[in-house]
Each structure stands twice: as C-alpha cells, then as structure tokens.
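Here's the letter readout for the chains.
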Amino acid sequence: MLQADDFGFGTQIRKSPYFEATVRWGAKGFSVYNHMYIPRDFGDPEQNFWNLVNDAILCDVAVERQVEITGPDAATFVQMLTPRDLSTMAVGQCKYILITNAAGGLLNDPILLRLAVNHFWISLADSDILLWAQGVAVHSGLDVTICEPDVSPLQLQGPKSGEIMQALFGDSMMDLKYYWLRDVELDGIPLIVSRTGWSSELGYEIYLRDSAYGDALWERIMAAGMPFGLKPGHTSSIRRIEGGMLSYHADADINTNPFELGFDRLVNLDMEADFIGKAALRRIQAQGPSRKQVGLIIDCAPLKGPNTTFWTINKDGEAIGKVTSAVYSPRLERNIALAMVSVEHANIGTQIEVVTHAGPTRATIVERPFYDPKKQIAAA
C-alpha cells in the first residue's frame, strides 16, 4: 500500500489538510496546482466518471486557494479586477468571474464569494492571483487588506450530493440556491458551504476554515456518504469537457480574451466602474476576435486518456488552431474536445484534420457543451 511519504516533490510544494486522508482512501497519483498537491488518480478515471454521474464523489480541491479581500474599499477593489458587473452581487452570493490584465488577457476564471459587505474570497483556478491582487493594490489608493486565509475547499459532487449534505447539515441545506453560500459548523468545525463545483453535476463546495480539522472533516463526510454510494474521487476531465468547462492553462491563458471563449455575458463595457483591461476589451469587441473556441467530435479509436499536449488542427493543409482538451466520453461513446480555431473556420459542421498523438484524423466542429447544454442538472 502507498504511504503518504511515497509522494514527494520537495517542501516547496504544499500538502493540503486532506493529503493523508486521500492517500489512506486510495489516491495513487498527484499533480501540482497552485503550488500544492492535488489527487489525480484513484484508479480507473472512467469509473470515477460513473461514480460522479450516478452517485457522488468527494474531491480534495484545497488547491483552489482563496484570495481574501477585506477593508472599506473591498467591493470597489474587486470590481477593478473583473469585467463582470458586480453592482448587484448580494452578501451570500457567488459569481463566476474573469480576471483580466491590461491587454484583456485572461489571468484566471475563479468563483467569487461575498461573505460580508466588505469581505470577499476569490476561489482560484491555477495561477498566482494573490500576487497580482497585492500588486494592483499597491498604487490603487484603496483601503484593502489582501491575504491567503487558512481555507481549504472540498468538492462533494454528483446526484446524491444533496442527500449527503442533508444527512450532514439537516433539511435546511436543501434551501441553498445555486451559486449561493452559507456559513455553517459541523461538529464544531467552521465551514462555508456553497452550491458550486467543477463538475456540471449537482454539487457543493465545502470550505474548511481551520486546516487542523482536515482529516476529521474528510472522514466525517465519507462516513455520512457511505449509505449513498459516496466514493473518494478526483475532478473528472470527462465530465468537465462534456459540460464545456474551462481548465485554465489548457483552454485559456494570458493570451486568451473573453470574446474568443464566447464569454460576452461576463464582460460589461458599459458600466461606469473601471476595471483592468476595459480599453483593450473595447478594442477587441469592436474589431471582433480572430479566434473562437469550438467543440469537436474526433473520429478515431477511443482516446485512452486526456491529451497531454496541444494537437494541431489543419484545414486544406494549413494550421488553423489547436485542440486544448480532448477525452473519450463513455456516455456519449465519442471522442470529444474543446479547441481554439481561426474565426473564419469556426462554423458548426466544418470538417477539419486533427493531428493526434497517433497521427492525423478527421474531426467535425460541433456545438458545446456536449451534454446538458442548459446546465439544468447543476442548477436543479
């Protein structure tokens, strides 16, 4: 049996409060995300997918580090970071936001949580937004305090997650709406719970506010979930690609702008508030993006795992883009992918060539998401 000490990238890579528990529960491999270990292997990834879509999985996502912003000018400062209009965001609400630089490039696509009038958490994808926010604050003239708090999320995701939450916290948890949060305790453990997640399924994120309780919290949730078929797991590449969800550094990076991703709804260029990248995004909108994200069906034998390099896309012998995320969906019985292509070739039904690791193959541009396009499962 693997022991916790069998994994080691050195002391510069941090361990989550759930690290020992995940190894006990069968984690066989880890990746690095936000300078921290994240479990990426609990055995068969296809079985992990079926566990997620049929029952529920518990995932250590403490790598979703929080940037905490407090102080009298916290709301004004947070609005500086994002093109999404936050003027109507209520205390207790969560929002999916984009963080852009001066050129309109994407630095992160986190979830923003508003815990109080002047208290926000930015729940990060994989990039150093703590440093960005602290740097932006230096000459902003705003009265804010920015730090990384002792907060470590878990994701409880899948159709049985609501029943498990009910068993843990009582019937009132069923009133928690999609993209809202609640301050709770579990056996004296301080938590924030939100109806969010990175799975496109019904799900919750459980934010531990004291890392000393990591092992106890993991075991408590697993015990409550056992009657409902809860399994330890990892975020599913299959399900997130089915749902068209971004993975930062794969599907978007600092050179990607919101309009290329079809995220016009997350950009308000008409609001009075200023934000970083506003002028650049106005120019990009006026010119129109040169690239566009699309979905692909790739016509080859079932892929044995997600792509680990970007695959070139050709049309009539010329490179027109790249596959950013590809995987075989056992539910759809197809190879599905997210890709970035030149806008003139981004029409639904266009036939193209993808140069996979096994060689060139045909593919077709299709609508995305590939499954549950209206997000009815997660929002139900």
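Reading the values: the criteria
Residues numbered from 1 in each chain as written. Predicted model: local features only at pLDDT ≥ 70, side-chain atom pairs only at ≥ 80, totals over all residues. Heavy atoms only, no water. Helix = DSSP H or I, 4+ residues; strand = E, 2+ residues; numbered from the N terminus. Polar contact = N/O pair within 3.5 Å; in protein donor to acceptor, adjacent residues only side chain to side chain. Contact = heavy atoms within 4.5 Å. Buried < 20%, exposed > 50% of the residue type's maximum accessible area, 1.4 Å probe, protein only. Pairing = 2+ DSSP bridges. Axes fitted to C-alpha atoms, helices over the stretch in contact; angles between N-to-C directions. Salt bridge = Lys/Arg side-chain N within 4 Å of Asp/Glu carboxyl O. Phe/Tyr/Trp six-rings, centres within 6.5 Å; stacked < 30°, edge-to-face > 60°.

Chemist: Could you give an account of the side chain of Thr 324, naming the residues involved and the relevant values?
Modeler: With respect to the element layout, Thr 324 can be found in strand β18 (residues 318-329). For Thr 324, the side chain forms a polar contact with the side chain of Asp 251, separated by 2.6 Å. Those residues in contact with Thr 324 that lie beyond four places of it in its chain are Ala 250, Asp 251, Asn 307, Phe 310, Leu 338, Ala 339 and Met 340.

Chemist: Which residues make up the side chain of Thr 22, and what values go with them?
Modeler: Of note, Thr 22 is situated in helix α1 (residues 19-24). Its relative accessible area of 0% is what places Thr 22 among the buried residues. Here Thr 22 is in contact with Ala 27, Phe 30, Pro 39, Phe 42, Asp 60 and Trp 218, once residues within four sequence places are set aside.

Chemist: Give a detailed account of the sheet that holds strand β17 (residues 311-315), specifying residues and quantitative values.
Modeler: Sheet architecture is closed into a barrel: six strands sit in the order β16-β19-β18-β17-β20-β21, paired in antiparallel fashion. Pairwise comparison of adjacent strand axes, ignoring direction, gives a mean angle of 40 degrees for this sheet.

Chemist: Go over the pattern of salt bridges with me, naming the residues and quoting the values.
Modeler: This model, assessed by the stated rule, comprises 13 salt bridges. Between Arg 14 and Glu 148 there is a salt bridge; the shortest N-O distance is 2.8 Å. Of this pair, Arg 14 sits in the segment before α1 while Glu 148 sits in the loop between β10 (145-147) and β11 (152-157), placing them 134 residues apart in sequence. Residue classification places Arg 14 among the partly exposed residues on the basis of a relative accessible area of 31%. Judged by its relative accessible area of 30%, Glu 148 falls in the partly exposed class. Between Arg 209 and Asp 183 there is a salt bridge whose closest N-O contact spans 3.6 Å. Of this pair, Arg 209 sits in the loop between β14 (203-208) and α6 (214-225) while Asp 183 sits in strand β12 (residues 181-186), and the two are 26 residues apart along the sequence. Through salt bridges that share partners, Glu 201, Arg 239, Glu 242 and Arg 331 make up one connected network.

Chemist: Describe the packing of aromatic side chains, listing the residues and the values that go with them.
Modeler: Scanning the model with the defined rule gives eight aromatic pairs in all. Ring centres of Tyr 18 and Trp 218 lie 6.5 Å apart, and the angle between their planes is 40 degrees; on these two criteria the pair is classed as tilted. Of this pair, Tyr 18 sits in the segment before α1 while Trp 218 sits in helix α6, placing them 200 residues apart in sequence. Centroid distance Phe 19 to Tyr 37: 5.2 Å. Interplanar angle 55 degrees. Geometry classified as tilted. On the criterion of sequence distance, the pair formed by Phe 19 in helix α1 and Tyr 37 in strand β2 (residues 36-41) is long-range, its members being 18 residues apart. Each member of the pair, Phe 19 as well as Tyr 37, carries the same accessibility label: buried. A network of ring pairs unites the aromatic residues Phe 19, Phe 30 and Tyr 37 as a single cluster.

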